[in-house]
Amino acid sequence: MPDNIADVRERWLSRRAIFLHLGFLLSLPLCIAATWWQITRAEEGNDLSYVYSVMWPVFAVLTVYFWWMLLHTDYDAVGLKGMQHQAPSSSSPIEDLEPSHHDAPVAQHDPAAAEHDRVAVASHIDDPELAAYNDRLAALAASGAKTWRKPETHVARRAR
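Residues numbered from 1 in each chain as written. Predicted model: local features only at pLDDT ≥ 70, side-chain atom pairs only at ≥ 80, totals over all residues. Heavy atoms only, no water.

Caption draft 1: A look at the overall build of the chain. Each helix and strand counted, the chain has 7 helices and 0 strands in total. Its helices and strands in sequence order give the chain the pattern α-α-α-α-α-α-α, from N to C terminus. For the chain, the residues scored as buried account for 12% of the 160 residues in total. Partitioning the contacts of the chain with sequence separation of at least 6, the portion at a separation of at least 24 is 44%. Working note: accessible area of the chain is about 13500 Å², and carbon and sulfur atoms make up 63% of it. (Helix = DSSP H or I, 4+ residues; strand = E, 2+ residues; numbered from the N terminus. Buried < 20%, exposed > 50% of the residue type's maximum accessible area, 1.4 Å probe, protein only. Contact = heavy atoms within 4.5 Å. Areas by Shrake-Rupley, 256 points an atom, 1.4 Å probe, with all protein chains shown as cover.)

Caption draft 2: View of the nonpolar core. Counting 5 residues, the largest nonpolar core consists of Ala17, Leu20, Phe24, Trp67 and Leu71. Looking at this core, the elements that each hand over two or more residues are helix H2 (15-43) and helix H3 (48-72). Broken down by element, this core gets its largest block of residues, 3 residues, from H2. Setting aside anything within four residues of it in sequence, one finds Phe24 in contact with Pro29, Thr63, Val64 and Trp67. (Core = buried A, V, L, I, M, F, W, Y, C linked by side-chain atoms within 4.5 Å.)

Caption draft 3: View of the packing of helix H1 (residues 5-13) against H2. Interaxial distance between H1 and H2 falls to 5 Å at its minimum, and their mutual angle equals 45°. Taken together, the axes of H1 and H2 are oblique relative to one another. Here Arg11, Trp12 and Leu13 of H1 lie close against H2, whose contacting residues are Arg15, Ala17, Ile18 and His21. Of the residues belonging to the contact of H1 with H2, the class tally is 4 nonpolar, 1 polar and 2 charged. (Axes fitted to C-alpha atoms, helices over the stretch in contact; angles between N-to-C directions. Parallel < 35°, antiparallel > 145°, perpendicular 65-115°, else oblique. Nonpolar A, V, L, I, M, F, W, Y, C, P; charged D, E, K, R; others polar.)

Caption draft 4: Focus on H2. Taking 1.5 Å per residue, 29 residues should reach 42 Å; H2 reaches 43 Å between its end C-alpha atoms and fits that length. Taken together, the buried positions of H2 are occupied by Ala17, Leu20, His21, Phe24, Cys31, Ala34, Thr35, Gln38 and Ala42. Its buried side turned inward, H2 meets H1 and H3. Once H2 ends, the next one or two residues include Gly45, with phi positive near 115°. (Expected span 1.5 Å × (residues − 1).)

Caption draft 5: How the structure looks around the confidence of the model for the chain. With 63% of its residues at a pLDDT of 70 or more, the chain shows a mean pLDDT of 77. Model confidence for the chain, summarised as mean pLDDT per element, is weakest for helix H5 (residues 93-97) at 51 and strongest for H2 at 95. (pLDDT = per-residue confidence, 0-100.)

Caption draft 6: How the structure looks around helix H7 (residues 128-143). The first and last C-alpha atoms of H7 sit 22 Å apart over 16 residues, in line with the 22 Å expected at 1.5 Å per residue. Residue Asp127 occupies the N-cap position of H7, its side-chain oxygen lying 3.3 Å from the main-chain nitrogen of Glu129. (Polar contact = N/O pair within 3.5 Å; in protein donor to acceptor, adjacent residues only side chain to side chain.)

Caption draft 7: Quick peek at a nonpolar patch on the surface. On the surface, a nonpolar cluster with roughly 980 Å² of combined accessible area is contributed by Val54, Val58, Phe59, Leu62, Tyr65, Phe66, Trp68, Met69, Leu70, Tyr75 and Val78. The exposure class assigned to Val58 is partly exposed, which follows from its relative accessible area of 43%. (Patch = residues over 30% accessible without salt bridge, like charges linked within 9 Å, V, L, I, M, F, W, Y side chains within 5 Å. Salt bridge = Lys/Arg side-chain N within 4 Å of Asp/Glu carboxyl O.)

Caption draft 8: Summary view of the packing of aromatic side chains. Taken as a whole and assessed by the stated rule, the structure comprises 6 aromatic pairs. Taking the centre distance of 6.0 Å and the plane angle of 65° together, the rings of Trp12 and Trp67 count as edge-to-face. Placement of Trp12 in helix H1 and of Trp67 in helix H3 is noted, with a sequence separation of 55 residues between them. Under the relative-accessibility criterion, Trp12 is labelled partly exposed at 28%. For Trp67, a relative accessible area of 16% puts it in the buried group. By way of ring pairs, the aromatic residues Trp12, Phe24, Trp67 and Trp68 are connected into one cluster. (Phe/Tyr/Trp six-rings, centres within 6.5 Å; stacked < 30°, edge-to-face > 60°.)

Written out as structure tokens, the structure is:
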């Protein structure tokens with residue numbers, strides 16, 4: 001028994017679902033008719049129609065599969081919405097490299113120690129090209145996502 005009638009109604013009777021049903025109801029008979037047409041053409045001697053008489057039933061099966069999957073996909077759990085609903089992770093790659101203080105017998109988290117660890121991790125980078133790359137990544141993360149409304153103005157190119 002469904003948990004919530006509103007959820008079932010939203011899944012099967014929403015505007016998006018109605019358009020999926022219409023697409024399904026138009027494409028499935030089209031695939032069946034095209035299959036029958038290609039079978040009759042193949043019987044008349046058109047050898048290429050044998051391939052098409054197999055292709056159209058495959059399209060019909062794919063129509064059913066995609067209709068079902070698009071109806072039952074929870075868009076709050078996948079894609080960008082799903083990523084936003086997940087627990088927030090650390091904000092910078094340097095923080096991922098920081099040593100964990102969970103195993104240390106320290107009673108409180110010391111901000112000075114965290115800054116020291118951050119500087120220590122940054123000093124381990126001996127490669128200037130890697131350091132420049134990490135600086136570029138940090139600048140990109142600070143500026144936010146590049147969109148058509150906010151295009152990136154400067155593209156860094158490496159000298160050859």
